[in-house]
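Architecture and fold: a report
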There are 2 protein chains.
Amino acid sequence: MSIKATIAVHGGAGSMSYFINEEHRQRYLRGLVEAVNAGLEASRRGNALDMVVDAVSIMEFDGSYDAGKGSVLDLYGEVEQDAGVMWGKDLSVGAVASVRHVINAIKLARIVMEKTDHVLIVGEGAEELAKHFGLWVPSIELINEAKINRYNSLIKNLGSRYRKNVDLAKELGFMDTVGAVAIDKDGNLAAATSTGGTILKWPGRVGDSPLPGAGYWAENGVCAVSATGIGEFIIRAMASFRVATLVKGGVKISEAVKQVVNYVTELFGPGNIGLIAIDSRGNVASAFNTEVMGRAWSQEGLGKVIVAHYPGDPFP
Amino acid sequence: MSIKATIAVHGGAGSMSYFINEEHRQRYLRGLVEAVNAGLEASRRGNALDMVVDAVSIMEFDGSYDAGKGSVLDLYGEVEQDAGVMWGKDLSVGAVASVRHVINAIKLARIVMEKTDHVLIVGEGAEELAKHFGLWVPSIELINEAKINRYNSLIKNLGSRYRKNVDLAKELGFMDTVGAVAIDKDGNLAAATSTGGTILKWPGRVGDSPLPGAGYWAENGVCAVSATGIGEFIIRAMASFRVATLVKGGVKISEAVKQVVNYVTELFGPGNIGLIAIDSRGNVASAFNTEVMGRAWSQEGLGKVIVAHYPGDPFP
């Protein structure tokens with residue numbers, strides 16, 4: 001069976017209050033289309049790994065998402081990003097966490113995968129690697145006046161609420177994480193996830209996004225998954241690997257993502273997870289228990305990008 | 001059915017060349033017995049979480065293991081520890097990674113679990129937390145003359161071999177990680193893993209030990225698992241969660257650990273993983289594909305500690 005190169009992306013699961021206005025929301029949705037197009041473009045000269053890395057890089061560079069340039073500030077007013085990528089052909093993984101001085105954390109994650117024999121590198125060690133490979137940027141590239149103003153107004157009334165950062169993130173209307181899953185014409189699967197994490201998080205806090213099995217998984221012959229939401233719950237549910245385990249056991253991809261979202265809702269309540277996934281035949285699926293999740297997909301020859309935001313929107 | 005409090009620990013899977021001499025090996029095995037006894041002692045006043053944290057703390061403090069005081073030095077000559085703990089009753093997880101200024105990283109991991117609403121905190125952010133809770137120590141507590149001498153002699157002839165740190169670790173005779181799994185009289189399961197990581201690792205490199213699903217897993221009614229070996233392979237195999245998935249599917253614990261070690265061997269070759277595990281009825285099991293793995297176990301009322309080192313040694 002010949003496979004058509006197919007890609008799906010998400011721009012985070014969360015609440016409508018994340019959006020400053022309708023223009024912001026439209027910009028957010030437009031970025032998803034651009035990311036899918038970048039992924040399809042990559043499929044013409046590369047494989048599924050190129051597709052997901054290029055798609056996520058577009059969203060990291062966009063500034064409309066909590067990833068890359070758009071990353072929220074932590075409790076110290078710093079940007080700290082987490083990202084991970086997985087190549088389903090040989091289960092290779094590359095990831096970085098708590099990284100300050102890069103715009104495209106996902107490209108740095110790919111460097112960990114391809115240029116070191118490690119899987120996960122965090123903090124200054126990862127920034128050192130970024131310098132070696134020309135990805136290091138000064139903080140000024142990641143912090144703008146709007147972020148500083150928001151930080152100042154939040155921190156003023158924060159008191160000891162920082163101790164419950166997860167509750168705080170919900171209250172402030174989070175829209176965590178971007179991600180992509182893809183299959184190439186050779187049937188290889190890949191997944192990538194990148195995030196700025198939860199706003200006002202404790203410095204060094206790492207969510208699900210860089211952790212394989214939690215924030216993403218890709219395994220040829222099975223599926224590729226990218227997660228978004230509140231990382232702490234996604235990790236404890238091993239959400240992405242759990243989807244893969246179900247699919248391996250014969251569950252349809254659309255059913256598997258629903259079952260895992262239901263599992264998380266039962267364990268930890270609603271409003272904390274979204275998933276996109278693609279199986280080894282190119283079937284795309286999504287599920288979430290938040291108010292909204294921006295998502296988009298397309299495939300070779302389809303000639304358009306399908307974008308969705310609300311739960312009822314047709315997707316795929 | 002009444003459950004007897006039961007604990008099993010490991011002191012790392014690896015090669016005999018790790019041991020400087022027989023005295024070193026005996027000290028290593030004696031520490032496992034002390035750890036099991038500390039776990040049993042904890043069971044009298046606490047639960048399975050207390051048991052695994054106390055057992056691992058003993059090994060971190062001992063200095064004979066690649067964890068806590070015994071942690072190997074990284075490429076910059078620093079100690080960087082990773083640790084994680086999981087409480088099977090509610091799937092709570094606490095973990096720290098790339099932490100320099102603590103002796104008992106496992107206690108700091110427990111603080112992440114119980115005193116923050118995060119799961120994983122890395123680097124300086126974790127050290128900041130250590131200061132708040134009185135766990136911070138100066139580097140001098142973790143670095144001694146023997147380590148400095150070994151570092152100097154290795155680094156002199158290193159050249160660019162640091163790029164292949166995983167190969168290097170094998171060559172130098174690694175004995176990575178300590179861990180514990182336990183069940184208490186109420187049937188609660190817990191797992192804990194702690195490590196200094198691979199010698200001469202890239203700063204910020206994180207292995208499987210702090211990552212739930214990879215280096216450990218605990219789920220009431222299913223099992224608790226702690227892994228050791230070369231983290232990169234253990235992560236990519238999702239070894240601990242994979243054991244739990246098998247046990248949930250009806251596979252016996254002794255068979256499940258074997259199947260996962262075989263899976264890792266098939267994927268990545270031999271010499272990279274060891275597992276200890278305990279199921280919800282208190283059955284203990286271990287498996288490894290390295291030359292040796294120090295392991296010990298006991299239970300309430302047994303009156304002795306069973307310790308094993310070679311593959312053929314009776315265990316449990």
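This text goes with the structure placed above it.
Below: a short report on this structure.

1. Remarks on the pairing of strand E12 (residues 284-288) of chain A
All names here are of chain A. With five of its five residues buried, E12 lies for the most part within the structure. Here E12 shows a buried face lined by Val 284, Ser 286 and Phe 288 and a second buried face lined by Ala 285 and Ala 287. Where strand E11 (residues 273-279) lies against E12, five bridges are found, and the strand directions are antiparallel. Residue pairing in the sheet places Ala 277 in a bridge with Ala 285 of E12. Two successive antiparallel strands, E11 and E12, enclose a turn made up of four residues, where Gly 282 displays a positive phi of approximately 90°.

2. Focus: the interface of chain B and chain A
The partner chain A presents 45 residues to the 45 residues of chain B that form the contact. Overall, the association of chain B and chain A removes approximately 3,500 Å² of surface from exposure, summing both partners, and the carbon and sulfur fraction of that is 64%. Broken down residue by residue, the surface that chain B buries against chain A is led by Asp117(B), Trp202(B) and Arg236(B), which jointly contribute 19%. Counting every contact that joins chain B to chain A gives zero salt bridges. On inspection of chain B and its partner chain A, the count reaches twelve residue pairs in polar contact (both at pLDDT 80 or more).

3. Considerations on the sheet that holds strand E9 (residues 216-219) of chain A
Residue and element names in this part refer to chain A. Strand order in the open sheet formed by four strands is E9-E10-E11-E12, with antiparallel pairing between adjacent strands. Looking at which strands have only one partner, the edges of the open sheet turn out to be E9 and E12. Each strand axis lies, on average, 10° off the axis of its neighbour in the sheet, ignoring direction. Lying on the sheet, helix H8 (residues 239-248) is in contact with E9, strand E10 (223-229) and E11; it crosses E10 at an angle near 145°. Each of E10, E11 and E12 is contacted by helix H9 (residues 253-268), which is oriented at about 160° to E11, the strand it contacts most.

4. Thoughts on unusual backbone geometry
Going from Phe315(A) to Pro316(A), the amide bond is cis rather than trans, its omega being 0°. Checked against the element boundaries, Pro316(A) lands in the segment after strand E14 (306-308). For Leu91(B), which is not glycine, the phi dihedral falls at a positive 55°. Locating Leu91(B) in the fold gives a position in the loop between strand E2 (81-87) and strand E3 (92-99).

5. Observations regarding the pattern of salt bridges
Inspection of every chain in the model, using the stated rule, returns 26 salt bridges over all chains. A salt bridge links Asp279(A) to Arg281(A); the shortest N-O distance between them is 3.9 Å. Classification of Arg281(A) as exposed rests on a relative accessible area of 56%. Here Asp62(B) ties to Arg27(B) by a salt bridge, and the two come within 2.1 Å at their closest N and O atoms. Of the two residues, Asp62(B) sits in helix H2 (residues 48-62) while Arg27(B) sits in helix H1 (residues 22-45), which places them 35 residues apart along the sequence. Residue class for Arg27(B) comes out partly exposed when judged on its relative accessible area of 24%. Here the residues in one salt-bridge network are Arg27(A), Glu34(A) and Asp62(A), joined through shared partners.

6. Details of the nonpolar core
By size, the foremost hydrophobic cluster in this structure holds 118 residues, and its most contacted members are Leu120(A), Val243(A), Leu275(A), Leu120(B), Val243(B) and Leu275(B). Setting aside residues no more than four positions away along its own chain, Leu120(B) makes contact with Gly204(A), Arg205(A), Val206(A), Leu211(A), Ala95(B), Val96(B), Ala97(B), Val112(B), Pro210(B) and Leu211(B).

Cut-offs and rules
- Residues numbered from 1 in each chain as written.
- Chains lettered and ligands numbered in written order.
- Predicted model: local features only at pLDDT ≥ 70, side-chain atom pairs only at ≥ 80, totals over all residues.
- Heavy atoms only, no water.
- Buried < 20%, exposed > 50% of the residue type's maximum accessible area, 1.4 Å probe, protein only.
- Helix = DSSP H or I, 4+ residues; strand = E, 2+ residues; numbered from the N terminus.
- Pairing = 2+ DSSP bridges.
- Contact = heavy atoms within 4.5 Å.
- Buried area = accessible area lost by both parts, 1.4 Å probe.
- Salt bridge = Lys/Arg side-chain N within 4 Å of Asp/Glu carboxyl O.
- Polar contact = N/O pair within 3.5 Å; in protein donor to acceptor, adjacent residues only side chain to side chain.
- Axes fitted to C-alpha atoms, helices over the stretch in contact; angles between N-to-C directions.
- Core = buried A, V, L, I, M, F, W, Y, C linked by side-chain atoms within 4.5 Å.

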